[in-house]
Amino acid sequence: MKKLYNISFAVLVISALLYSGCKKVLDKGPLTTYTGQLVFSDSTLAVEYLNSIYSNNLPTWAGNGGANSTIASASVGTLTEENQGSNIFVLGTVVSSSVTDIGTGNNATNNYGKIRALNDFISNLASSPIAMGTKNRFKAQALFWRAYRYFDLVRLYGGVPLVLTPLPVVGTAAKQAALLPRNTTTQTFNQIVNDLDTAIMYLPGNWPAIDYGRITKGAAQAFLGRVLLTWASPQFNSTNDISRWQAAYQANTDAIATLSSHGYGLYPKEDVTMWTTEGPGASGPANPEAVMVTEFNTDNSSSNTEDNNTYTASNIPKALGGGGANNPTWDEVQAFPMLDGKAPGASTKYPYDPVHFFDNRDPRFNQTIAYNGCLWPLEGNATNRLWTYYYFTNSSNTATKTTEPVGASSSGFYCRKAVDPAISATNLPYSGTDWQEIRYAEVILNQAEAAAMIGNSSTAYTDLIAIRNRAGIEAGDGMYGLTPGLTGTDLAMAVLFERQIEFAYEGKRYWDLRRWKLLESTLNGKKRQGVTFLLQPNTTSGQANTDYLLNNRDAMAQTSLDNVYTNYFSYVPMTVGAGSTLGELKYLDSQAITYQTADYFFGIPLATIQNDPNIQQNNTWGGSFDPLK
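This is a predicted model, so every value here is computed, not measured.

(A) Layout of the confidence of the model for the chain. Taken residue by residue, the chain gives an average pLDDT of 89. The fraction at 70 or more is 89%. In the predicted structure, residues 571-581 sits below a pLDDT of 50 and forms 19 contacts with residues beyond four places in sequence or in another chain.

Spelled out as structure tokens, the structure:
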């Protein structure tokens, strides 16, 4: 949970290099003498500049942050089955000015502002007297982040202007030099690959313990695997060029080889400790799953090294002092397989009962979904149980009240993935759990998907089985519930489903559906649902129209939660949507999801085109630029 990068000093370094207005930086001399030459003649200052690059580019939870502001502001989980949310994407009201990640003006914090800082670092480093080996490692990290920023842009818009050197910032000539046309999508991906190939060449397999959190060779290879998998996917690969899938397969295979040789691999079990085990180990990472991480800390001193995340506080119910956000939908709850890996309703060993929906599920279900009556240790209380039901408060059994004293869940569920059970109520705002932008499981499933598409079904199945075995799914006939004999796209869809379960609430589902161009066919016309768990009416004197289960429910649930549901929550509802026997299914969306076909490549905002008339609009938004070329 230690934060590697000191943001405030790094900001001063960038300000000194790129802007004006700072009084001084350290005590080495006045601002007029604090030049790029001085910074890059001192390895300590160069490291601080590099640290600032990390601080300004590392993603936060669910892959948000950096410059990917438009998707982040909508909350990526609300764009799929995971959570409900009303926004321009699901409502189908996106216009060409909606997605502004490309930037609509000069700004140090947007993608091109960040790319400028990276180009400045790379350019000044070239003439630095710092030892060549050190320079190469510095440059490799900057190149990784430049590739990261351009990937952020290309998956949103297609090809974008490639700026690889610092542009002049003053004068008419500078303005003209900045009026760049868009490079093709192919050129943009090629540049990303070139930057990553160079980075991979010079990055170490592991860093010393003090530098834990820096990009390693294996992390860069894994990111290359993600990039090439996107390039091979239908969003960009309309003709299904198999060579792209082959390149993606090779990149992920290489990443697996490098990572495994440096102590990375699947974490032994899939529970909360997969997220709370952090930092360097004796040789390699303490957590083999954590390929690329954003470190956070628990410092609450308001010092300039404070960097807490808000994830745990946001997910814990409001009744316990949290934000009560991230409420899984009934759609997502039903998606998880049964314990034998079969889909709900398809398993003969474990028949699915919607009343006791929590019985005999894929073990990842109980590590991801917190539901009415479940044991959910929180804030140091190992026996804490979550209750989200409603009860009647009048004699006609029409008025209800929630048992949650503050801010009830909108769906009846909470997300418990990666929520540290040991963090006290006092320390909730200072959660230091690290975000894992790339987990080893992703690299495995990236390889599996590409393997399926090049006809290597054996590797695809082996990878899927490895993930399911780690999750705790029963082996059965050795297939862990997988359908045998799948090939090609059918097998790739099995991988995509596995990603939906494995990476639930990690911000990946939207991007997977988007790169496969499945947003419309999967989600359009859907109204996401929640559940109102209703306590049966009680006519007992003194208990009628009260939360009569309150004082005994924990003890009863410890003996048998099934019996609690059968005896107290199972009945034919009075007002029901979709014929549920659980209680009352309710629509969380007021209108059905309506994704637009044009959203697979967002429009370039008019303000961006006005700032640079050489930029062409995408042909899906009335322009002449073809994002598939």
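Let us keep going from here.
(B) Looking closely at the nonpolar core. Grouped together as the largest cluster of nonpolar side chains are 111 residues, with contacts concentrated most on Phe144 and Trp145. Per-element tally for this core: the top contributor is helix 7 (residues 132-157), with 14 residues.

(C) Structural detail: the pairing of strand 6 (residues 435-439). Among the 5 residues in strand 6, 5 count as buried, and that is most of the element. Examined bridge by bridge, strand 1 (residues 290-294) and strand 6 share 4 bridges and lie antiparallel to one another. Looking at strand 6, one finds that Val293 is bridged to Gln436.

(D) Fine view of the pattern of salt bridges. Scanning all chains against the criterion turns up 26 salt bridges. The partner of Asp152 in a salt bridge is Arg149, and the shortest N-O contact between them spans 2.9 Å. Of this pair, Asp152 and Arg149 are both found in helix 7, 3 residues apart, which corresponds to roughly one turn of the helix. Where Arg528 meets Asp589, a salt bridge forms, and the shortest distance between an N and an O atom there is 2.8 Å. Of this pair, Arg528 sits in the loop between helix 20 (519-523) and strand 7 (529-532) while Asp589 sits in the loop between strand 8 (584-587) and helix 22 (606-611), and the two are 61 residues apart along the sequence.

(E) Molecular detail of helix 16 (residues 440-453). Look at helix 16: 21 Å from first C-alpha to last across 14 residues, which is about the 20 Å you get at 1.5 Å a residue. For helix 16, a buried count of 14 out of 14 residues is recorded, marking the element as mostly surrounded by other parts of the structure. Looking at the residues trailing helix 16, positive phi occurs at Gly455, about 90 degrees.

(F) View of the packing of aromatic side chains. The final tally for this structure, using the stated rule, is 43 aromatic pairs. Centre to centre, the rings of Phe144 and Trp145 are 5.0 Å apart; their planes meet at 85 degrees, and the pair counts as edge-to-face. Owing to a relative accessible area of 0%, Trp145 belongs among the buried residues under this scheme. In textbook terms, an aromatic cluster arises when at least three aromatic residues are bridged by ring pairs, as seen for Trp330, Phe336, Phe357, Phe358, Phe365, Tyr371, Trp387, Tyr389, Phe413, Phe533, Tyr565 and Phe569. Against the face of Phe365 rests Arg361, its NZ or CZ located 4.8 Å from the ring centre.

(G) Focus on helix 3 (residues 43-57). Compared with an ideal rise of 1.5 Å per residue, which puts 15 residues at 21 Å, helix 3 spans 21 Å between its outermost C-alpha atoms and is within 8% of the ideal. Listed in full, the buried residues belonging to helix 3 are Leu45, Ala46, Glu48, Tyr49, Leu50, Asn51, Ser52, Ile53, Tyr54 and Asn57.

(H) Representation of the pairing of strand 7 in the model. Of the two faces of strand 7, the one lined by Gln529 and Val531 and the one lined by Gly530 and Thr532 are each fully buried. Two strands pair when backbone bridges link them, and strand 7 and strand 8 are joined in this way by 4 bridges, in the antiparallel orientation. Pairing of Val531 across the sheet is with Leu585, part of strand 8.

(I) Spotlight on unusual backbone geometry. Even without being a glycine, Ala62 presents a positive backbone phi close to 65 degrees. Residue position: Ala62 is located in the loop between helix 3 and helix 4 (69-74).

(J) Examining the packing of helix 17 (residues 457-471) against helix 18 (residues 488-502) more closely. Contact pair helix 17 / helix 18: the axes reach a minimum separation of 11 Å and the direction vectors enclose 20 degrees. Classified by the angle between their axes, helix 17 and helix 18 sit roughly parallel to one another. Crossing handedness for the pair helix 17 and helix 18: left-handed. Side by side, helix 17 and helix 18 meet where Ser457, Ala460, Tyr461, Leu464, Ile467, Arg468 and Arg470 of the first sit next to Leu491, Ala494, Val495, Phe497, Glu498 and Glu502 of the second. Counted by class, the contact of helix 17 with helix 18 contains 8 nonpolar, 1 polar and 4 charged residues.

(K) The packing of helix 9 (residues 185-202) against helix 10 (residues 217-232), seen in detail. Remark: helix 9 packs on helix 10, axes separated minimally by 9 Å, with the N-to-C direction vectors making an angle of 165 degrees. With respect to helix 10, the axis of helix 9 lies roughly antiparallel. In this structure, the crossing between helix 9 and helix 10 has a hand that is left-handed. Along the contact surface, helix 9 presents Thr185, Thr186, Phe189, Ile192, Val193, Leu196, Asp197 and Ile200, while helix 10 presents Lys217, Ala220, Gln221, Phe223, Leu224, Val227, Leu228, Thr230 and Trp231. Looking at the contact of helix 9 with helix 10 residue by residue, the class counts come to 11 nonpolar, 4 polar and 2 charged.

(L) Local environment of the environment of Arg137. Secondary-structure assignment places Arg137 in helix 7. Residues Arg137 and Leu203, 66 residues apart in the sequence, show an inter-C-alpha distance of 5.8 Å. Every residue in contact with Arg137, bar those within four places of it in the chain, is listed here: Tyr202, Leu203, Pro204 and Trp207.

(M) Representation of the environment of Leu229. Position of Leu229 relative to the elements: it lies in helix 10. What makes Leu229 buried here is its relative accessible area of 3%. Setting aside anything within four residues of it in sequence, one finds Leu229 in contact with Trp245, Ala248, Asn446, Glu449, Ala450 and Arg515.

Definitions and cut-offs
Residues numbered from 1 in each chain as written. Predicted model: local features only at pLDDT ≥ 70, side-chain atom pairs only at ≥ 80, totals over all residues. Heavy atoms only, no water. pLDDT = per-residue confidence, 0-100. Contact = heavy atoms within 4.5 Å. Core = buried A, V, L, I, M, F, W, Y, C linked by side-chain atoms within 4.5 Å. Buried < 20%, exposed > 50% of the residue type's maximum accessible area, 1.4 Å probe, protein only. Helix = DSSP H or I, 4+ residues; strand = E, 2+ residues; numbered from the N terminus. Pairing = 2+ DSSP bridges. Salt bridge = Lys/Arg side-chain N within 4 Å of Asp/Glu carboxyl O. Expected span 1.5 Å × (residues − 1). Phe/Tyr/Trp six-rings, centres within 6.5 Å; stacked < 30°, edge-to-face > 60°. Lys NZ or Arg CZ within 6 Å of the ring centre and 35° of its normal. Axes fitted to C-alpha atoms, helices over the stretch in contact; angles between N-to-C directions. Parallel < 35°, antiparallel > 145°, perpendicular 65-115°, else oblique. Left-handed = near helix turned anticlockwise from the far one by under 90°. Nonpolar A, V, L, I, M, F, W, Y, C, P; charged D, E, K, R; others polar.

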